[in-house]
Structures are given as structure tokens and as C-alpha cells.
Amino acid sequence: MGYASPERGGRALDLSHSDTSPLLVSGVIEHYPAGHEVPRHRHHRGHLLYATEGVLLVQADTGQWLVPPTTAVWLRPGVPHQLNATTAVNVHGLFIDEILAAQLPDHDCVIHVTPLVRELIAALVRVIPQENPPLRDALLGQLLIEELRVLHPLPFHLPWPQEELMRRICEDLVRSPAQQKTMDEVARQYALTPKTLHRRFLKSTGMNLGKWRQQMRLMASIQFLLQGRSITQAALESGYESLSAYSVAFKKTFAYPPSEFLATLSQYPDREHDAGMV
């Protein structure tokens with residue numbers, strides 16, 4: 001997280017307690033309005049980001065992660081990242097000591113938030129920092145780590161290339177997910193042969209351009225859905241020619257159709273408006 005909402009002046013948050021707390025897991029709550037961007041920053045401890053309402057885009061050198069409700073992004077200690085609120089979001093940020101962080105995935109990823117994990121996060125962000133914390137506060141953190149260890153990464157990740165030219169190509173595609181340029185047309189636009197583009201793109205992202213573009217379009221469609229578009233509108237605006245093709249791709253990637261995804265989100269109402277900010 002790193003910075004307060006512009007509603008509270010947009011200043012840097014005082015997160016010193018997260019690095020010095022005797023608790024191995026501590027946290028904060030922050031609200032960001034739609035369109036707000038938190039500048040690039042990093043944390044000494046491991047960082048878990050969970051949005052109880054809205055959708056958050058987390059960007060790092062290794063990729064982009066979409067964080068709708070029911071999921072959280074895990075970032076290893078020291079990973080530089082920035083946040084973009086594609087809708088208004090309530091964000092819970094947990095800071096996990098390096099010793100415990102070593103027990104969690106060794107790569108940045110999105111994980112499913114079970115009802116138990118959700119309640120543990122909600123309890124931990126309300127813990128008041130103190131020199132001699134109650135045993136209960138420490139046990140909450142330990143239980144959270146045990147729960148996180150058994151969760152598997154979800155396919156909400158979009159690999160982001162380090163190579164400048166490939167990054168420019170990705171930025172162009174993300175700005176307009178519905179564009180229908182073929183690989184040959186993209187290659188010509190950047191003075192490359194299709195074979196060279198394929199080789200360099202695969203090396204930079206670990207995916208071929210077609211698979212990467214499909215993942216990007218699905219992530220864009222989730223943002224459209226959470227902004228209030230109908231499923232058909234989300235499909236067309238993210239580049240799919242038909243609702244049926246979109247539904248098939250969505251279910252193949254996320255294991256359920258977009259209608260079920262929206263129904264699942266409605267089961268996670270925001271409970272934090274009266275909680276106050278930490």
C-alpha cells in the first residue's frame with residue numbers, strides 16, 4: 001500500500017510499525033477512489049493485498065495481478081510495486097515477517113481468499129500495535145500463515161516483459177484490448193518479422209502472443225464487469241466477437257462462467273465501512 005487515500009491528503013502512510021512490530025503479521029486498511037494510483041514503492045516485509053470491495057490492479061516488474069474480491073495478491077519481501085484502483089476499493093494490506101514469508105510461495109501470485117482467511121485478515125488489520133501484544137494477536141497471524149500455505153495460485157497473473165520493445169507492445173495492447181491486429185500486423189508496426197516477434201515475446205513473458213493477449217483480455221473483462229458493464233458489453237469491449245466465445249474462454253481459465261463469477265462476488269459484501277482506518 002504505502003500511501004493514504006487522496007481523501008486523507010494522499011500522504012505517505014506511516015508503516016514503520018509494520019517493520020518493527022513484535023507481531024510477525026500486522027496490517028492496515030485504506031480506501032482508494034476509482035482511478036487512484038499509488039506510486040511505485042516496496043516493503044521490507046512480505047505483503048498481502050486484499051480488496052473487500054472493488055478491483056485493484058497490482059503492477060510489479062514481474063507482472064500484473066488483478067485483485068477482485070475473493071482473491072489476494074502475495075508479494076515477496078522487497079518487491080517494488082504500484083497499485084491502481086480501477087474501481088473504488090477498500091484495501092486490506094498485511095505485512096508478514098521475512099521468517100514467515102519464507103513459508104509462502106517463492107513467487108509473486110494471486111491466491112484464493114477462503115471465508116476463514118477473509119475473517120483472519122479482517123481481524124488482523126484491526127489489531128492495535130503495542131509493545132507486548134496479546135497472545136491472541138500472535139496466534140491469529142500464525143493461523144493465517146498456515147491457511148495461506150495450503151492455497152494454490154490462481155490464473156489472475158499477466159506476465160510483464162522486461163525488454164523495452166516487448167513492453168511497449170504490451171502497453172499498446174492493454175490500452176486497447178478490443179483491437180484485432182494480427183501477429184503479422186503487430187510485427188510490421190514494430191519493424192519485426194512475425195518469427196522474431198514470436199521468439200522475443202515468448203522469451204520475455206513465457207507465453208506466446210496469442211495466449212498472452214487472451215489472458216489480458218480476460219483480465220480487462222473482469223475490470224469491465226466490476227465497473228458495471230453487462231457480460232455482453234464486457235465481452236465485446238475486451239475483444240471477443242461473441243458472448244459464447246468469451247464465456248468458453250472465461251470458464252476454461254477461471255473454472256466458472258462470468259455469470260457465476262459475478263454471483264460469487266455478491267456473496268462478499270463490504271463490511272469495513274464502519275471499521276475505521278488503521
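Residues numbered from 1 in each chain as written. Predicted model: local features only at pLDDT ≥ 70, side-chain atom pairs only at ≥ 80, totals over all residues. Heavy atoms only, no water.

Undergrad: Provide a residue-level description of the confidence of the model for the protein chain, including the pertinent values.
TA: Summarising the model, the protein chain shows a mean pLDDT of 86, and 87% of its residues fall at 70 or more. Taken as a whole, residues 268-278 scores under 50 in pLDDT and shows 29 contacts with residues more than four places along the chain or in a different chain. (pLDDT = per-residue confidence, 0-100. Contact = heavy atoms within 4.5 Å.)

Undergrad: Which residues make up the packing of helix α3 (residues 115-124) against helix α4 (residues 135-149), and what values do they have?
TA: The contact between α3 and α4 brings their axes to 10 Å, and the two run at 150°. For the element pair α3 and α4, the recorded crossing hand is left-handed. Between α3 and α4, the contacting residues are Leu-116, Val-117, Leu-120, Ile-121, Ala-123 and Leu-124 on the first element and Asp-137, Leu-140, Gly-141, Leu-143, Leu-144, Glu-147 and Leu-148 on the second. Of the residues contributing to the contact of α3 with α4, the split by class is 10 nonpolar, one polar and two charged. (Axes fitted to C-alpha atoms, helices over the stretch in contact; angles between N-to-C directions. Helix = DSSP H or I, 4+ residues; strand = E, 2+ residues; numbered from the N terminus. Left-handed = near helix turned anticlockwise from the far one by under 90°. Nonpolar A, V, L, I, M, F, W, Y, C, P; charged D, E, K, R; others polar.)

Undergrad: Hey, could you go over the side chain of His-81 for me, with residue numbers and the actual values?
TA: Relative to the elements of secondary structure, His-81 occurs in strand β7 (residues 81-85). Separated by 2.8 Å, the side chain of His-81 and the backbone oxygen of Val-79 make a polar contact. (Polar contact = N/O pair within 3.5 Å; in protein donor to acceptor, adjacent residues only side chain to side chain.)

Undergrad: I'd like to hear about the side chain of Asn-84, residue by residue, with values.
TA: Positionally, Asn-84 belongs in strand β7. Asn-84 has contacts with His-36, Glu-37, Val-55, Leu-56, Leu-57 and Gln-59, leaving out every residue within four places of it along the chain.

Undergrad: Quick rundown of the environment of Glu-37? Include the residues and the values.
TA: Note on placement: Glu-37 falls in strand β2 (residues 37-41). Note on Glu-37: relative accessible area 44%, which makes it partly exposed. Considering only alpha carbons, one finds Glu-37 and Ala-85, 48 residues apart in sequence, at a separation of 6.4 Å. For Glu-37, the residues in contact, after removing those within four places along its chain, are Gln-82, Leu-83 and Asn-84. (Buried < 20%, exposed > 50% of the residue type's maximum accessible area, 1.4 Å probe, protein only.)

Undergrad: Just give me the short version of the pairing of strand β8 (residues 89-96), but keep the residues and values in it.
TA: Summarising burial for β8: eight of the eight residues are buried, a large majority. Along β8, one buried face is formed by Val-89, Val-91, Gly-93 and Phe-95 and the opposite face, lined by Asn-90, His-92, Leu-94 and Ile-96, is buried too. As paired elements, strand β1 (residues 25-32) and β8 share eight bridges and run antiparallel to each other. Note that in β8 the partner of Tyr-32 across the bridge is Val-89. As judged from the seven bridges shared by strand β3 (residues 46-53) and β8, these two strands associate in the antiparallel manner. Directly across from His-47, in β8, lies its bridge partner Phe-95. (Pairing = 2+ DSSP bridges.)

Undergrad: For the environment of Leu-66, give the residues involved together with the corresponding values.
TA: Summarising the element assignment, Leu-66 is placed in strand β5 (residues 63-67). Under the relative-accessibility criterion, Leu-66 is labelled buried at 0%. With 157 residues separating them in the primary sequence, Leu-66 and Gln-223 have C-alpha atoms 8.4 Å apart. If near-sequence neighbours (up to four positions away) are discounted, Leu-66 is found in contact with Val-55, Leu-56, Leu-57, Thr-71, Val-110, Phe-156, Met-219, Ile-222 and Gln-223.

Undergrad: Now, about the pattern of salt bridges: what can you tell me, with residues and values included?
TA: Scanning the model with the defined rule gives nine salt bridges in all. The partner of Asp-108 in a salt bridge is Arg-76, with the nearest N and O atoms 2.9 Å apart. In this pair, Asp-108 sits in the loop between α2 (98-101) and β9 (109-112) while Arg-76 sits in the loop between β6 (71-75) and β7, placing the two residues 32 residues apart along the sequence. Close ionic contact of Glu-146 with Arg-149 constitutes a salt bridge, the shortest N to O distance being 3.3 Å. Of this pair, Glu-146 and Arg-149 both sit in helix α4, three residues apart, which is roughly one turn of the helix. (Salt bridge = Lys/Arg side-chain N within 4 Å of Asp/Glu carboxyl O.)

Undergrad: Describe the packing of aromatic side chains, naming the residues involved and giving the relevant values.
TA: Using the criterion set out here, one finds six aromatic pairs in the structure. Measuring from ring centre to ring centre gives 5.7 Å for Phe-201 and Trp-212, while their planes differ by 85°; the resulting arrangement is edge-to-face. In this pair, Phe-201 is assigned in helix α7 (residues 194-205) and Trp-212 in helix α8 (residues 209-226), connecting sequence segments 11 residues apart. Residue classification places Trp-212 among the buried residues on the basis of a relative accessible area of 0%. (Phe/Tyr/Trp six-rings, centres within 6.5 Å; stacked < 30°, edge-to-face > 60°.)

Undergrad: With reference to specific residues and values, describe the packing of helix α5 (residues 164-175) against α7.
TA: Closest axis-to-axis distance for the α5/α7 pair is 10 Å, and the angle between their directions is 90°. The pairing of α5 with α7 is recorded here as roughly perpendicular in orientation. In this structure, α5 uses Leu-165, Met-166, Ile-169 and Cys-170 to contact α7, whose residues at the interface are Leu-197, Arg-200, Phe-201 and Ser-204. (Parallel < 35°, antiparallel > 145°, perpendicular 65-115°, else oblique.)

Undergrad: So what's going on with helix α10 (residues 243-254)? Which residues, and what values?
TA: Residues lying three or four places apart along an α-helix face the same way, a consequence of the helix completing one turn every 3.6 residues. Between its terminal C-alpha atoms α10 stretches 16 Å, which fits the 16 Å expected from 12 residues at 1.5 Å a residue. Note on α10: the residue one or two positions beyond its end, Ala-255, has a positive phi of about 80°. (Expected span 1.5 Å × (residues − 1).)

Undergrad: So what's going on with the sheet that holds strand β4 (residues 56-60)? Which residues, and what values?
TA: Spatial ordering of the open sheet is given by β2-β7-β4-β5-β11, a layout of five strands whose pairing is antiparallel. Both edges of this open sheet fall to β2 and β11 (157-159), since each of them pairs with a single strand only. For this sheet, the mean angle separating the axes of adjacent strands, direction not counted, is 15°. As paired strands, β4 and β5 are joined by five bridges and run antiparallel to one another. Paired with Val-58 across the strands is Trp-65, a residue of β5. Each of β4, β5 and β11 touches α8; the most contacted strand, β11, lies at about 140° to it.

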